[in-house]
Amino acid sequence: MTPTDSKPKSHRADAVNIIRRLQSARFQAVLAGGCVRDQLLGRESSDFDVATNATPKEVATLFPQAQKVGAAFGVMLVRVGSSQVEVATFRTDGNYADGRRPETVTFATMQGDAARRDFTINGMYFDPLADDGSGQLIDLVGGQADLAARLIRCIGSAEARFAEDHLRLLRAGRFAARLGFGIETETLAAMVRCGPQLIRIAPERIADELRRMLTPTSRVEAWNLLVGTGLVGVMFRGPVRPEPISDALGRLSTSMDFGVALALVGLSTLASPTMDGTEVKVARGHLRQWLRLSNEELDTAERCWLTLAQWFGTNRPPPSVFHRDVVALGGTAGTGEVVDLTLARQRATQWLNALTAWPALAPRSEELCARLAGLSHDALAPRPLLDGLRLMELGVPQGRWLGDLLRGAYDRQLDGDLLTSKEAENWAVAQFSAKG
Ligand code: ATP
Ligand code: MG
């Protein structure tokens, strides 16, 4: 489970059942926040949150199975059907000392609860049982008008809201990018002014927001916003290079995951596109420190960087390098597992397409794309001329030596220096007797 998926899933019908139960016990209870926004937009919601004037204790009395997730923040987790629904008591947040979490919360009215939410479009409620079950929207913050105008606007003073919780800087960018909304003038100006405060946010929280922003459908918009507001510079601790990164992101296919998008982003911000191995290590260290990315994500980014560095370095990659790199994109090569050559080709072509966004890299990208297109599966990953069994028959003992010889023979085969099994055998035997 990635951090982004950590929130329990809930279904609308289950949330509505909880609301019915709370209302029967004479409490106020409504759907709140994101699911109301999504409903008005006609979009599907991934979770349905309930807000109520019942205290966590009262929620626990009605739902004995309820779990305290953040009882201190007034949030209870109620399991019903296949859902886990967050039931949150109306509250106002106290002081934000750390720029992220309120130190205290005070239970409040619905009005107070709406005022602590981040953006107007996220600050609405919906009573699904009102008006004989047709439901009623409760908009105390002007969310409907901003939805219609397609605007992200802070509730209250934007500057104050970003100052108390800096993560809202990224949330604003995420919602704008994901929904294709603009950011209201005051809110945008406050984002720029408050941007440097982002540095106080825990790296893993920043990364989590980045993961949500760099999704295929929103990454170009999100990146432009991050650059435009100066947040990229804060996140990556320095000025952003003028490379056409958003163009490159736009050329990635929708199947390209976060790791690859991040690799491109890192490429533009942390190093030159033709970086060397040392630069890559430094960039990796920075990403680990600033964003605490998982090893898997860092590995993907690093593999992408190193591969591209090989292909775009000053030396033209020989076929052995290029073929092996491409094949590796399709799965785990070299371990005897079957790799998906079609997938490998698609990925390599995607990378190369993305890199055509850099004028300096475009000619080489196009050349490599054409080279790849001209290779049959068989030419890309031919059957080895030599195998381990044959080498052992020829007297090479099992062990590292054998592996090295097989690899060396295969590289020479890919480079066209060895053309037949006999030639490969002769080469390997000569190597073995020279070293042995
Ligand atoms: P998503 O569809 O991405 O889950 P969401 O609007 O549901 O979007 P959540 O992070 O799930 O976002 O939060 C639920 C609601 O809680 C928001 O709609 C908003 O009203 C409120 N909220 C969440 N995070 C903050 C925050 N940092 N500051 C103020 N209000 C917040
Ligand atoms: Mg949500």
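Because the structure is predicted, anything quoted here is derived from the model rather than measured.

### With respect to the pairing of strand β2 (residues 49–52)
Moving on, step 1. Because side chains alternate across β2, one face comprises the buried residues Asp49 and Ala51, and the other comprises Val50 and Thr52, equally buried.
Moving on, step 2. When strand β1 (residues 29–32) meets β2, the two strands line up antiparallel, connected through 4 bridges. Within β2, the residue paired with Leu31 across the bridge is Val50.
Moving on, step 3. Here β2 pairs with strand β5 (residues 83–89) via 3 bridges, running parallel.

### Details of the packing of aromatic side chains
Moving on, step 1. With the rule as written, the count across this model stands at 5 aromatic pairs.
Moving on, step 2. Residues Phe90 and Tyr125 carry aromatic rings whose centres are separated by 6.1 Å and whose planes lie at 80° to one another, so their mutual orientation is edge-to-face. Pair noted here: Phe90 is in the loop between β5 and β6 (91–93) and Tyr125 is in strand β8 (residues 125–127), with a separation of 35 residues, a long-range link.
Moving on, step 3. Judged by its relative accessible area of 1%, Phe90 is buried.
Moving on, step 4. Judged by centre distance (6.2 Å) and plane angle (75°), the ring pair of Phe119 and Phe175 falls under edge-to-face. Of the two residues, Phe119 is situated in the loop between α4 (110–116) and β8 and Phe175 in helix α8 (residues 167–179); the sequence distance between them amounts to 56 residues.
Moving on, step 5. Classification of Phe119 as buried rests on a relative accessible area of 0%.
Moving on, step 6. The rings of Trp311, Phe322 and Trp351 are connected pair by pair, giving a single aromatic cluster.
Moving on, step 7. Between the NZ or CZ atom of Arg174 and the centre of the ring of Phe175, over which it lies, the distance is 4.8 Å.

### Points about the environment of Arg292
Moving on, step 1. Structurally, Arg292 is set in the loop between α15 (277–291) and α16 (295–312).
Moving on, step 2. Spatially, the C-alpha atom of Arg292 lies 24 Å from that of Arg178, the residues being 114 residues apart in sequence.
Moving on, step 3. Those residues in contact with Arg292 that lie beyond four places of it in its chain are Pro203, Glu204 and Leu287.
Moving on, step 4. Among the polar contacts made by the side chain of Arg292, one reaches the main-chain carbonyl oxygen of Gln289 at a distance of 3.2 Å.

### Some words on the nonpolar core
Moving on, step 1. In terms of nonpolar packing, the biggest core is built from 105 residues, with Leu22, Phe162, Phe236 and Leu264 touching the most fellow members.
Moving on, step 2. Of all the elements, helix α14 (residues 258–270) adds the most residues to this core, at 9 residues.
Moving on, step 3. When sequence neighbours within four positions are dropped, the list of residues in contact with Leu22 reads Phe27, Ala29, Val50, Thr52, Ala54, Leu62, Phe63 and Val87.
Moving on, step 4. Val396, Leu405, Ala409 and Ala428 belong to the second largest nonpolar core, which has 10 residues in total.

### Let's talk about the site of ligand 1
Moving on, step 1. The immediate surroundings of ligand 1 are formed by 18 residues, with Arg37, Asn122, Asp165, Arg168 and Arg171 found nearest.
Moving on, step 2. Within the contact set of ligand 1, a nitrogen atom lies 2.7 Å away from a side-chain nitrogen or oxygen of Arg168.
Moving on, step 3. Within the contact set of ligand 1, an oxygen atom lies 2.9 Å away from a side-chain nitrogen or oxygen of Arg171.
Moving on, step 4. About the coverage of ligand 1: the protein hides 85% of its 590 Å² of free accessible area.
Moving on, step 5. Residue assignment for the shell around ligand 1 shows that the elements contributing at least two residues are α2 (34–41) and α8.
Moving on, step 6. Here the shell around ligand 1 takes 5 residues from α8, the largest share from any one element.
Moving on, step 7. In terms of residue class, the shell around ligand 1 is built from 1 nonpolar, 3 polar and 14 charged.

### Considering the pattern of salt bridges
Moving on, step 1. Inspection of the entire model under this criterion finds 24 salt bridges.
Moving on, step 2. Note that Glu425 is salt-bridged to Arg390, the shortest N-O span being 2.8 Å. Taken together, the residues span a long stretch of sequence, with Glu425 in helix α23 (residues 421–435) and Arg390 in helix α21 (residues 388–393) at a distance of 35 residues.
Moving on, step 3. The exposure class of Glu425 is buried, given its relative accessible area of 10%.
Moving on, step 4. With a relative accessible area of 28%, Arg390 lands in the partly exposed category.
Moving on, step 5. Measuring nitrogen to oxygen at the nearest pair gives 3.7 Å for the salt bridge that ties Lys422 to Glu425. With Lys422 and Glu425 both in helix α23, this residue pair falls 3 residues apart, about one helical turn.
Moving on, step 6. Given the relative accessible area of 51%, Lys422 is considered exposed.
Moving on, step 7. One network of salt bridges, with partners in common, ties together Arg161, Glu164, Asp165 and Arg168.

### Examining helix α17 (residues 319–328)
Moving on, step 1. Inspection of α17 places Ser320, Phe322, His323, Asp325, Val326 and Val327 among the buried residues, and these make up the whole buried set.
Moving on, step 2. Those residues of α17 hidden inside the fold are in contact with α16, α18 (341–355), α19 (362–373), α20 (377–380) and α22 (400–414).

### Here we look at the packing of α22 against α23
Moving on, step 1. Interhelical geometry of α22 versus α23 gives an angle of 135° and a closest axis separation of 10 Å. With respect to their mutual orientation, α22 and α23 come out oblique. The handedness of the crossing between α22 and α23 comes out as right-handed. Residues Trp401, Leu405, Gly408, Ala409 and Arg412 of α22 form the contact with α23, whose participating residues are Trp427, Ala428, Gln431, Phe432 and Lys435.

### Observations concerning unusual backbone geometry
Moving on, step 1. Here the phi dihedral of Arg150 falls at roughly 55°; this positive angle occurs in a residue that is not glycine.
Moving on, step 2. Along the chain, the position of Arg150 falls in the loop between α6 (143–149) and β10 (151–152).
Moving on, step 3. Among the residues examined, Arg150 registers a relative accessible area of 42% and is labelled partly exposed.
Moving on, step 4. The backbone of Arg237 shows a phi angle near 55°, a positive value even though the residue is not glycine.
Moving on, step 5. Tracing the backbone shows Arg237 in the loop between α12 (231–235) and α13 (245–251).

The rules behind these values
Residues numbered from 1 in each chain as written. Chains lettered and ligands numbered in written order. Predicted model: local features only at pLDDT ≥ 70, side-chain atom pairs only at ≥ 80, totals over all residues. Heavy atoms only, no water. Buried < 20%, exposed > 50% of the residue type's maximum accessible area, 1.4 Å probe, protein only. Helix = DSSP H or I, 4+ residues; strand = E, 2+ residues; numbered from the N terminus. Pairing = 2+ DSSP bridges. Phe/Tyr/Trp six-rings, centres within 6.5 Å; stacked < 30°, edge-to-face > 60°. Lys NZ or Arg CZ within 6 Å of the ring centre and 35° of its normal. Contact = heavy atoms within 4.5 Å. Polar contact = N/O pair within 3.5 Å; in protein donor to acceptor, adjacent residues only side chain to side chain. Core = buried A, V, L, I, M, F, W, Y, C linked by side-chain atoms within 4.5 Å. Near = heavy atom within 4 Å. Areas by Shrake-Rupley, 256 points an atom, 1.4 Å probe, with all protein chains shown as cover. Nonpolar A, V, L, I, M, F, W, Y, C, P; charged D, E, K, R; others polar. Salt bridge = Lys/Arg side-chain N within 4 Å of Asp/Glu carboxyl O. Axes fitted to C-alpha atoms, helices over the stretch in contact; angles between N-to-C directions. Parallel < 35°, antiparallel > 145°, perpendicular 65-115°, else oblique. Left-handed = near helix turned anticlockwise from the far one by under 90°.

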